[in-house]
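Tertiary structure, described
Residue-level listing of the chains:
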4 protein chains.
Amino acid sequence: MTDLPDSKPGRAHANAQRVIDFRSDNVASASPEIIAAMLEANTDTATPYGDDQLSAMLNDRFSEVFEAKVTVFPIATGTAANALALSALTPPYGAIYCHSAAHIHTSEAGATELLTGGAKLIPLEGDGFRLHASALANAVATAGIGIRNRSQPAAVSLTQATEFGTVYRLDEIAAIAEVARSHRLKIHMDGARFANALVTLGCSPAAATWRVGVEVLSFGCSKNGGLNADAIVVFNPDLVEDLSYRIRRSGHTWSKMRFAAAQLLAYVQGDLYLRSARRANGLAARIAANIAGIPGVGFAAPVEANEVYLTLPEHKIDHLIKNGIQFLRRAPRLIRLVCRFDGSEEDVDHFIATLKVLE
Amino acid sequence: MTDLPDSKPGRAHANAQRVIDFRSDNVASASPEIIAAMLEANTDTATPYGDDQLSAMLNDRFSEVFEAKVTVFPIATGTAANALALSALTPPYGAIYCHSAAHIHTSEAGATELLTGGAKLIPLEGDGFRLHASALANAVATAGIGIRNRSQPAAVSLTQATEFGTVYRLDEIAAIAEVARSHRLKIHMDGARFANALVTLGCSPAAATWRVGVEVLSFGCSKNGGLNADAIVVFNPDLVEDLSYRIRRSGHTWSKMRFAAAQLLAYVQGDLYLRSARRANGLAARIAANIAGIPGVGFAAPVEANEVYLTLPEHKIDHLIKNGIQFLRRAPRLIRLVCRFDGSEEDVDHFIATLKVLE
Amino acid sequence: MTDLPDSKPGRAHANAQRVIDFRSDNVASASPEIIAAMLEANTDTATPYGDDQLSAMLNDRFSEVFEAKVTVFPIATGTAANALALSALTPPYGAIYCHSAAHIHTSEAGATELLTGGAKLIPLEGDGFRLHASALANAVATAGIGIRNRSQPAAVSLTQATEFGTVYRLDEIAAIAEVARSHRLKIHMDGARFANALVTLGCSPAAATWRVGVEVLSFGCSKNGGLNADAIVVFNPDLVEDLSYRIRRSGHTWSKMRFAAAQLLAYVQGDLYLRSARRANGLAARIAANIAGIPGVGFAAPVEANEVYLTLPEHKIDHLIKNGIQFLRRAPRLIRLVCRFDGSEEDVDHFIATLKVLE
Amino acid sequence: MTDLPDSKPGRAHANAQRVIDFRSDNVASASPEIIAAMLEANTDTATPYGDDQLSAMLNDRFSEVFEAKVTVFPIATGTAANALALSALTPPYGAIYCHSAAHIHTSEAGATELLTGGAKLIPLEGDGFRLHASALANAVATAGIGIRNRSQPAAVSLTQATEFGTVYRLDEIAAIAEVARSHRLKIHMDGARFANALVTLGCSPAAATWRVGVEVLSFGCSKNGGLNADAIVVFNPDLVEDLSYRIRRSGHTWSKMRFAAAQLLAYVQGDLYLRSARRANGLAARIAANIAGIPGVGFAAPVEANEVYLTLPEHKIDHLIKNGIQFLRRAPRLIRLVCRFDGSEEDVDHFIATLKVLE
């Protein structure tokens, strides 16, 4: 089930019918709170390139959120956050381990290869679309550490929640970290949907990251209510200086940084990020709970965050499309639905009802 | 006067006095019109990665503005716009000619070297901080075209308005383009302050770009009222496909592209970009007109856009700082003041008065 | 059986016993004819960087050998030949398809990633350690051509003979080329053991390369009697200029090129390359013919060139080591023996006898 | 006098006259001693990739030569040696200071930019074609250390002897090293003509390198009697492991390394390198001593090693060409003559006589 193309969305017919959009969480609007914060940031002048007051607050605020001294770099996209974070974890001749379904491997156009100077991504298989400690251990064992013609094991990248909406348990990450530590691999977490995973895990941000060995986190915001900013959160202070230059030279240091900082501050203010994720996850759970048992409908992955992967017969897929349900087709009979923070129970119920019609 | 460091700004004392900020145009706020457009864009869902309706309008709208079929890529920063644009103009073994004061050479942390795969920037001297056709011709003549151990001439990058606030005349660009054409060099324009230059030239966007040979433009918006989006405007359609992949893999393709498109659409709507630039230029001209002749005060560059470079004795510099005037120090006796679209005549006059006090 | 580490060789005991070396063909000496040619080249002065007379003869002589106008670039190593050849076939955002056991993927320390500017190698499985047209077709079909977040299919690399000593049949390559052509992929052949494959195929160099769609060939010489030069042979003239700069800037253009040209000229003179490969292949065939049927001994790959991959019980492996037989261990029970142009029937027979002792 | 193109050599007429070749030292033959060593290396099998006995001797032998524990990497070309050495000294966002005439800057097709991942070469002017400590100090002072949009000072590269045949005095290097140390810059020496400089200095290899602060040396051999191998000599052991991977992945690790090791061992055996350089330097000194004072003939640089740069009127240049003297033209009236270890007094005297004819 790995390395599938992003098929074009099943588009709704252009009639007057209601359109219900499950294509992705990045089709969502921006949270009113985040919009408001950006407006509020728009006063007077501010020192550019992250030396403004809001940016200064970012590190403090996120250090509270993560219960540790962290450094936050707002970044335009998750792709850039991932590739830049990894560029600080590997030499150009390094190997980076990830699940074969990892976004960095399948869907970032070689960003990691570019920004690391040509490091090699090593895709590994793993049940539930999660990398397993044993698979990592096996891979490293045969990697040829110290052999000059081999890409040298340098880092591990975990997507949390995964690309298929599953969530790593903390002990799974800890086990991976144990393998990583014994071979001096560094751990990156692609948290494009980090908030969704946190809600599922019900643990603190600290427990989900540095306490289980994560050194740098791509902290998603765009998919969960942000406008156009994600972030890199660095737990290992040794990485900060090097990374700051890499970010600048890849063109990812905004001059008017306050408008990115404002988004991220609002995103964690009052746990907005968790509230938004809880809502999206809840919608996905509502789907899962109500379609289980429909003949011909299978779950391609357990529903643990805000994504629902279903296998359906073609006529059911056609029926959904005809009824204005939008989603992505990942394979001939495999569809993906993503629930959003700004989605509605009404839309979800309409989808469920539509799916049941043909039962 | 080339390759000077960005010195730390002369910061105002922390007393209650009024602070007047001439440090840069990127300390500015965002235009209300642009803010409004972003708010308006925040409705319902939208297809990600630039396949939304606002992004679709971008190409059409900018094609009208530039009186030619253009392709527009919103980009997070001017640094990224420059380096990515150049990456589509040169092979990795290419040479890119620019003025020695060019931002791409002095102040982008090697972004061009990174994103081109290691092309070489060749800084050339030129009066008025402008590259001259003759200097380019001389450089290319001795470059060793076809000689395998030489970086091969591939592109020219012109900053318009220049880093020192001067403006290329159209015939100067045309003369450069003539040299470029005869050696198959492609021309990039770094238009971080393109609108300011246009206002000075009083010509159309088309006349200032593709009609004088520019193939790709870094179209600045952030310094002139945008929040966090600039753009690459491509005049040569052959560059578009290649560039689109390069942009994506450098992490510069926003998922919620509509929020960038909205900014850029608002920026050109009703010639907002020209109105804003006219205001900033006007403030700079007001300074220039009123301080000429003050003893000890010299112009380090003619004031042709929104920047004022002055040479001052140290005691005058100290006096300005003490009176809450903020600016950048570029060299021991050289200061830079930048006027903003949201600056005021009052601030300008206060600066002038402060400067005159010590006459 | 893919991506195994180069285990340390089973070294012979340090007693007086005879040492028989099957570790690789790159442990071999240099052919007397090639040595002689280098000596002969050492007269008077010669224009550097490939503008000497011997280098000039290279293109002509190889054009005769390949029955087509070709350009030859002598290169220090096969790794460099592969990575540089591929760098001329793919944009930095390209995907290169190869077998999962391909040397470029497993054993070149990321050379291709470096010299292509970060292209992605896509390993595919295939029986007999060969890439199959159908696997390529499937991979390209799901690659997402035109989708901006995907590495774009650009090239195919085939190793001939393969890393496991098997040989592509011409119709297999033609079938791959058919798929490649329909998607505009370019074909590279890693011919580190090209001569060994040619001998097996019994066809002309032309028939094995450009006539079945190969555009650029890494032409091995070192493993088959050269001292320290391999070559890139370019069939597609459009690649030559670009490649010549890439070679120079990676430091692979010798100043005293005549000493490399001399090796390559001698290597093809009087079909030395085929005679040497025939001898090596013959030794491997002699092994294969005489050990078939020994209990506990299995062939991990068909013996089609000069390599023999065997599965053996541990005690037999120990016995070989104790008796001075040198080879590589590829996995717990998997060993590789490589026969050389300068190997002997006596050595081979000694190995066979040793293996049979424990029957 | 910087950044001149390698003009095509003034070629001799194709008549029967004697041709005297002063074009470069890389047009030379190989030393008989080095040839003999390569022949001797051609016995039996040898472990590949530098694990052979001759390679093992290299480190020991060079450690004796340099009176310190060094690591030696044989490399195919000086370009590769330079770029790879520098790649171990700078991050990709680093700045490397060199003289504006440095080969790495003018004549290596961007090799350093490629292999460092896009570091920036900063050319500085300096009398005698040497970088001066004060120029370096000034450059670093305005470089903007710690400012994120600036390439960060990382390394200095000195060419010894310089591209114009001048030689750094030890106290000059020590002064540069003092500046470097205070800013944590690392020092690379491009020693394509290191032996020629040593002869001039009359000091030990240690005194000329690590004792004055050099951390890594490109150790030239090809221009002074080698066939096709130069070397990187590493004084700082912390650089070794990183560099070993960089060398491998750039395709610069020969499989039959013994043939390179043999050359380098023979090159230092019995001080062959010094004897050869002494001979070449002596020929250059003979020219310098005998043409001083010829009307119209000027020295463009002091003759301190084996290169002679002369300014001549055009008719004298024509006269030389007509009389079979080969050399490079560096500018309209500027020619370069390089004396070789295998040159003769007879040739030198013929040149002198020819030059005097027109007096």
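Quick look at the structure, then.

What counts and what doesn't
Residues numbered from 1 in each chain as written. Chains lettered and ligands numbered in written order. Predicted model: local features only at pLDDT ≥ 70, side-chain atom pairs only at ≥ 80, totals over all residues. Heavy atoms only, no water. Phe/Tyr/Trp six-rings, centres within 6.5 Å; stacked < 30°, edge-to-face > 60°. Helix = DSSP H or I, 4+ residues; strand = E, 2+ residues; numbered from the N terminus. Buried < 20%, exposed > 50% of the residue type's maximum accessible area, 1.4 Å probe, protein only. Lys NZ or Arg CZ within 6 Å of the ring centre and 35° of its normal. Pairing = 2+ DSSP bridges. Right-handed = clockwise from strand over helix to strand, strands pointing away. Contact = heavy atoms within 4.5 Å. Buried area = accessible area lost by both parts, 1.4 Å probe. Salt bridge = Lys/Arg side-chain N within 4 Å of Asp/Glu carboxyl O. Polar contact = N/O pair within 3.5 Å; in protein donor to acceptor, adjacent residues only side chain to side chain. Nonpolar A, V, L, I, M, F, W, Y, C, P; charged D, E, K, R; others polar.

**Comments concerning the packing of aromatic side chains**
Under the criterion given, the structure shown has 52 aromatic pairs over all chains. Both rings, one in Phe22(C) and one in Phe351(C), keep their centres 5.6 Å apart while their planes meet at 65 degrees; by these two values the pair is edge-to-face. Of this pair, Phe22(C) sits in the loop between β1 (20-21) and α1 (32-41) while Phe351(C) sits in helix α14 (residues 345-357), and the two are 329 residues apart along the sequence. Ring geometry for Phe219(C) against Tyr267(C): centres 5.7 Å apart, planes inclined by 75 degrees, an arrangement best described as edge-to-face. Here Tyr267(C) lies in helix α11 (residues 258-268) and Phe219(C) lies in strand β7 (residues 216-219), a separation of 48 residues in the sequence. What makes Tyr267(C) buried here is its relative accessible area of 1%. Feature note: the residues Phe62(A), Phe66(A), Phe194(A), Phe219(A), Phe235(A), Tyr267(A) and Tyr273(A) constitute an aromatic cluster, connected by ring pairs. Looking at Arg248(C), its charged tip hangs above the ring of Tyr49(C), at a distance of 4.0 Å from the centre. Here Arg148(D) stacks its cationic end above the ring of Tyr245(A), 4.6 Å away from the centre of that ring.

**Here we look at the pairing of strand β7 (residues 186-191) of chain A**
Residues and elements named next belong to chain A. Here β7 lies mainly inside the structure; five of its six residues are buried. Pairing of strand β6 (residues 152-159) with β7 involves five bridges; the strand directions are parallel. Directly across from Val156, in β7, lies its bridge partner Ile187. One crossover worth recording links β6 to the parallel β7 by way of helix α7 (residues 170-182), and it is right-handed. Bridging between β7 and strand β8 (residues 216-219) involves four bridges; their strand directions are parallel. Bridge assignment links Met189 to a residue of β8, and that residue is Leu217.

**A closer look at the interface of chain C and chain A**
Listed per partner, the contact involves 25 residues of chain C and 25 residues of chain A. Between chain C and chain A the total buried area reaches about 2000 Å² when both faces are included, carbon and sulfur atoms providing 45% of it. Joining chain C to chain A, the criterion identifies two salt bridges. Ionic pairing is found between Lys120(A) and Glu113(C), a salt bridge with its closest N-O pair at 2.7 Å. One can count twelve residue pairs in polar contact (both at pLDDT 80 or more) joining chain C with chain A. Class assignment for the residues of the side of chain C that touches chain A results in eight nonpolar, ten polar and seven charged.

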